[in-house]
Amino acid sequence: MRISIFGLGYVGSVTAACLARAGHEVFGVDVNPDKVAMINTGESPVIEPGLADLVEAMVTSGRLKATVCVDEAVKHSDVAMICVGTPSSRNGQIDLAAIERVVEDVGCAVKRRPHPFTVVLRSTVLPGTTERVLAPMLPDGVSIAVNPEFMREGTSLADFEHPPMTLVGCDADEAASPLRTLYAKVGAPFVQTSIKVAEMTKYVSNAFHALKICFANEIGDLCESLGVDPHEVIQTFLLDRKLNISEAYLRPGFAFGGSCLPKDLRALMYVARKSDVQVPLLSSIDPSNEHQLRRGIEAVLSSRKKRIGVVGLAFKSGTDDLRESPIVTLVETLLGKGCTVRIFDPNVRLAALVGANRRYIEKEIPHISSLMCDDLHTLVEEAEVIVIGSAGDDAARALAHCRPEQIVVDVTRSALSSVHRARAAYESKMIVSAGAASPREIRE
Ligand SMILES: NC(=O)c1ccc[n+]([C@@H]2O[C@H](COP(=O)([O-])OP(=O)(O)OC[C@H]3O[C@@H](n4cnc5c(N)ncnc54)[C@H](O)[C@@H]3O)[C@@H](O)[C@H]2O)c1
């Protein structure tokens with residue numbers, strides 16, 4: 001394929017050299033004439049292990065060259081990849097000046113060439129940027145795709161060959177198809193999704209990486225103060241691929257509760273305080289959880305309705321454990337605000353409860369047990385607002401019986417709520433394939 005690459009910094013130089021190595025014809029473009037001259041004399045404009053040799057070999061082969069002229073590059077390519085910087089402004093806001101300029105230039109140049117053309121945004125941008133900034137500047141008929149970069153400086157040549165995935169966001173298959181050809185030799189799943197999801201996934205990935213680093217550092221500090229080897233602890237922790245390094249607990253939903261997480265986190269915070277160890281990240285978990293609880297409460301109160309039906313009381317579906325259930329706190333707050341609350345949860349039948357759970361209900365929340373209702377139909381009939389406290393069959397049955405004027409607050413954010421109906425619709429469009437040959441539809 002013939003590709004023009006705008007921006008010859010870390011991402012652009014590596015992408016240009018690696019695509020040339022894969023057999024494509026690449027034209028690099030930069031506003032900095034020194035970087036352009038360096039490429040044309042076979043030198044790498046950035047320091048990156050292996051890149052100098054690769055650039056030299058690709059320029060010698062004739063598959064890689066560079067120019068400052070946008071028209072020349074666009075004329076000789078079918079795909080333009082935008083790899084210019086998106087730095088922070090002083091207030092943290094993303095600075096899109098370089099993107100805007102390059103898109104304007106490419107947009108003008110494309111008008112002067114007849115063939116179909118695809119513009120691929122590889123720079124990191126916030127969701128909505130492509131639709132708001134790129135699309136209006138490009139002439140009709142130009143396909144647009146977002147293709148975030150997942151390489152790490154220092155190992156970027158190897159990362160280019162084997163990224164965690166090739167992520168492509170686009171609204172039409174025509175935009176994805178040149179990218180399937182472009183990355184045919186890359187050993188990674190090809191993930192095609194919407195533009196906004198692709199844009200956001202890059203930020204989520206970087207935020208998560210940053211979170212992991214800070215988490216490990218704070219755990220290290222705590223371990224050291226407690227006389228435990230932090231490396232051995234983390235190595236042991238990493239052995240659990242079922243709950244620790246896995247998809248578990250990584251679904252947007254509601255606040256956590258239950259008999260373990262809150263109490264164990266409290267014990268850890270206490271020992272950190274006692275040992276004078278600062279753990280700002282770990283200390284922010286409880287406030288974050290509280291915030292989720294408040295969001296749920298606010299969603300119900302803002303309806304200004306008083307008759308509330310709650311489906312699911314335990315901290316997660318399929319359990320009768322009510323200890324520190326955030327739904328119990330939600331119910332208590334609503335009662336305090338003068339709401340009438342009825343609760344349906346067949347897992348929580350007082351007669352069948354024993355031990356700590358029964359003691360908890362009888363001693364701590366006797367007022368809650370009196371609100372329990374055996375009949376889901378009656379609960380739905382009488383409620384003005386239905387709160388989905390745990391996802392599952394009961395929630396589905398409750399929603400199936402809802403009247404249009406009833407308000408549903410689904411704190412679980414399960415596939416049942418309206419937001420998640422939208423999400424499910426997008427997910428049915430997401431295609432993950434090991435290679436272009438075997439696309440597989442992913443559905444919830
Ligand atoms: N560096 C990384 O490891 C990395 C990894 C993944 C994603 N990203 C993202 O990729 C993007 C590029 O990052 P980078 O580190 O390569 O940036 P960089 O600052 O190293 O390079 C940007 C290049 O774009 C050029 N440029 C600016 N305006 C231009 C224009 N109008 N036309 C042509 N060229 C222009 C600059 O001269 C510079 O050479 C950013 O959005 C960044 O967040 C970076």
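Residues numbered from 1 in each chain as written. Predicted model: local features only at pLDDT ≥ 70, side-chain atom pairs only at ≥ 80, totals over all residues. Heavy atoms only, no water.

1. Description of the sheet that holds strand 11 (residues 385-388)
Part 1 of the reasoning: Reading across from one edge, 10-9-11-12 is the order of the 4 strands in this open sheet, with parallel pairing throughout. The open sheet has two edge strands with one neighbour each: strand 10 (340-344) and strand 12 (407-410). Pairwise comparison of adjacent strand axes, ignoring direction, gives a mean angle of 20° for this sheet.
Part 2 of the reasoning: The strands touched by helix 14 (residues 326-336) are strand 9 (307-311), strand 10 and strand 11; relative to strand 10, the strand with the most contacts, the crossing angle is about 155°.
Part 3 of the reasoning: On the sheet, helix 18 (residues 393-400) packs against strand 9, strand 10, strand 11 and strand 12 and is oriented at approximately 145° with respect to strand 9. (Pairing = 2+ DSSP bridges. Helix = DSSP H or I, 4+ residues; strand = E, 2+ residues; numbered from the N terminus. Axes fitted to C-alpha atoms, helices over the stretch in contact; angles between N-to-C directions. Contact = heavy atoms within 4.5 Å.)

2. Description of the site of the ligand
Part 1 of the reasoning: Surrounding the ligand, one finds 22 residues, the nearest of these being Val11, Asp30, Lys35, Thr86 and Glu153.
Part 2 of the reasoning: Here an oxygen atom of the ligand sits 2.8 Å away from a polar atom, N or O, in the main chain of Val11.
Part 3 of the reasoning: Within the contact set of the ligand, an oxygen atom lies 2.9 Å away from a backbone nitrogen or oxygen of Thr124.
Part 4 of the reasoning: Only helix 1 (10-21) and helix 5 (97-111) provide two or more residues apiece to the shell around the ligand.
Part 5 of the reasoning: Per element, the largest residue contribution to the shell around the ligand is 3 residues, and it comes from helix 5.
Part 6 of the reasoning: Per-class residue counts for the shell around the ligand are 10 nonpolar, 6 polar and 6 charged. (Near = heavy atom within 4 Å. Polar contact = N/O pair within 3.5 Å; in protein donor to acceptor, adjacent residues only side chain to side chain. Nonpolar A, V, L, I, M, F, W, Y, C, P; charged D, E, K, R; others polar.)

3. Comments concerning the domain arrangement of the protein chain
Part 1 of the reasoning: Taken as a whole, the protein chain is organised into domain 1 (2-196) and domain 2 (288-412).
Part 2 of the reasoning: Here domain 1 and domain 2 have C-alpha centroids that lie 51 Å from each other. (Domains from an automatic or database assignment.)

4. A short note on the packing of aromatic side chains
Part 1 of the reasoning: Counting across every chain of the model gives 2 aromatic pairs.
Part 2 of the reasoning: Measuring from centroid to centroid gives 6.2 Å for Phe160 and Tyr183, while their planes differ by 55°, and the two rings are tilted. You can see Phe160 sitting in helix 7 (residues 156-161) and its partner Tyr183 sitting in the loop between helix 8 (173-182) and strand 8 (190-193), a full 23 residues away along the chain.
Part 3 of the reasoning: The buried category is assigned to Phe160, whose relative accessible area is 6%. (Phe/Tyr/Trp six-rings, centres within 6.5 Å; stacked < 30°, edge-to-face > 60°. Buried < 20%, exposed > 50% of the residue type's maximum accessible area, 1.4 Å probe, protein only.)

5. Details of the side chain of Thr15
Part 1 of the reasoning: The topology assignment puts Thr15 in helix 1.
Part 2 of the reasoning: According to the relative accessible area criterion, Thr15 is buried, its value standing at 0%.
Part 3 of the reasoning: A polar side-chain atom of Thr15 sits 3.3 Å from a polar atom in the side chain of Arg122.
Part 4 of the reasoning: If we ignore the near neighbours within four places in the chain, the residues touching Thr15 are Ile5, Met81, Arg122, Glu149 and Phe160.

6. Quick notes on the pairing of strand 5 (residues 118-121)
Part 1 of the reasoning: A two-sided burial pattern is seen for strand 5, the buried positions comprising Thr118 and Val120 on one face and Val119 and Leu121 on the other.
Part 2 of the reasoning: Bridge analysis of strand 4 (residues 79-82) against strand 5 gives 4 bridges, and the strand direction is parallel. Each bridged residue has a counterpart across the sheet, and for Ile82 the counterpart in strand 5 is Leu121.
Part 3 of the reasoning: In this region the chain leaves strand 4, passes through helix 5 and returns to the parallel neighbour strand 5; the handedness of that crossover is right-handed.
Part 4 of the reasoning: Here strand 5 runs beside strand 6 (residues 143-146); their pairing, made up of 4 bridges, is parallel. Bridge assignment links Val119 to a residue of strand 6, and that residue is Ile144.
Part 5 of the reasoning: Read from strand 5 through helix 6 (residues 129-137) to strand 6, the crossover connection turns out right-handed. (Right-handed = clockwise from strand over helix to strand, strands pointing away.)

7. Considering a nonpolar patch on the surface
Part 1 of the reasoning: Together, Phe208, Leu211 and Leu250 give the surface a local cluster of nonpolar side chains, amounting to about 270 Å² of exposed area.
Part 2 of the reasoning: On the secondary structure map, Leu250 appears in the loop between helix 10 (230-238) and helix 11 (261-274). (Patch = residues over 30% accessible without salt bridge, like charges linked within 9 Å, V, L, I, M, F, W, Y side chains within 5 Å. Areas by Shrake-Rupley, 256 points an atom, 1.4 Å probe, with all protein chains shown as cover. Salt bridge = Lys/Arg side-chain N within 4 Å of Asp/Glu carboxyl O.)

8. Overview of the packing of helix 9 (residues 195-225) against helix 10
Part 1 of the reasoning: Between helix 9 and helix 10, whose axes approach to 9 Å, the crossing angle comes to 130°. Comparing their axes, helix 10 and helix 9 come out oblique. Considering how the two elements wind past one another, helix 9 and helix 10 form a crossing that is right-handed. Side by side, helix 9 and helix 10 meet where Phe215, Ile219, Gly220, Cys223 and Glu224 of the first sit next to Pro230, Val233, Ile234 and Phe237 of the second.
Part 2 of the reasoning: Along the lines of polarity and charge, the residues of the contact of helix 9 with helix 10 split into 7 nonpolar, 1 polar and 1 charged. (Parallel < 35°, antiparallel > 145°, perpendicular 65-115°, else oblique. Left-handed = near helix turned anticlockwise from the far one by under 90°.)

9. What about the pattern of salt bridges?
Part 1 of the reasoning: Counted according to the given criterion, the structure contains 13 salt bridges.
Part 2 of the reasoning: Of the charged contacts in the structure, one is a salt bridge between Asp264 and Lys263, with a shortest N-O distance of 2.7 Å.
Part 3 of the reasoning: Residue Glu382 is joined to Arg342 by a salt bridge in which the shortest nitrogen-to-oxygen separation is 3.6 Å. Here the residue Glu382 occupies a position in helix 17 (residues 376-382), and Arg342 occupies one in strand 10, the gap between them amounting to 40 residues.
Part 4 of the reasoning: The exposure class assigned to Glu382 is partly exposed, which follows from its relative accessible area of 37%.
Part 5 of the reasoning: Taken together, the salt bridges that share partners define one network made up of Arg2, Asp78 and Arg113.

10. Observations concerning the environment of Val300
Part 1 of the reasoning: Note that Val300 resides in helix 13 (residues 285-301).
Part 2 of the reasoning: With residues up to four places along the chain from it excluded, the contact list for Val300 reads Ile308, Leu334, Val385, Val387 and Val409.

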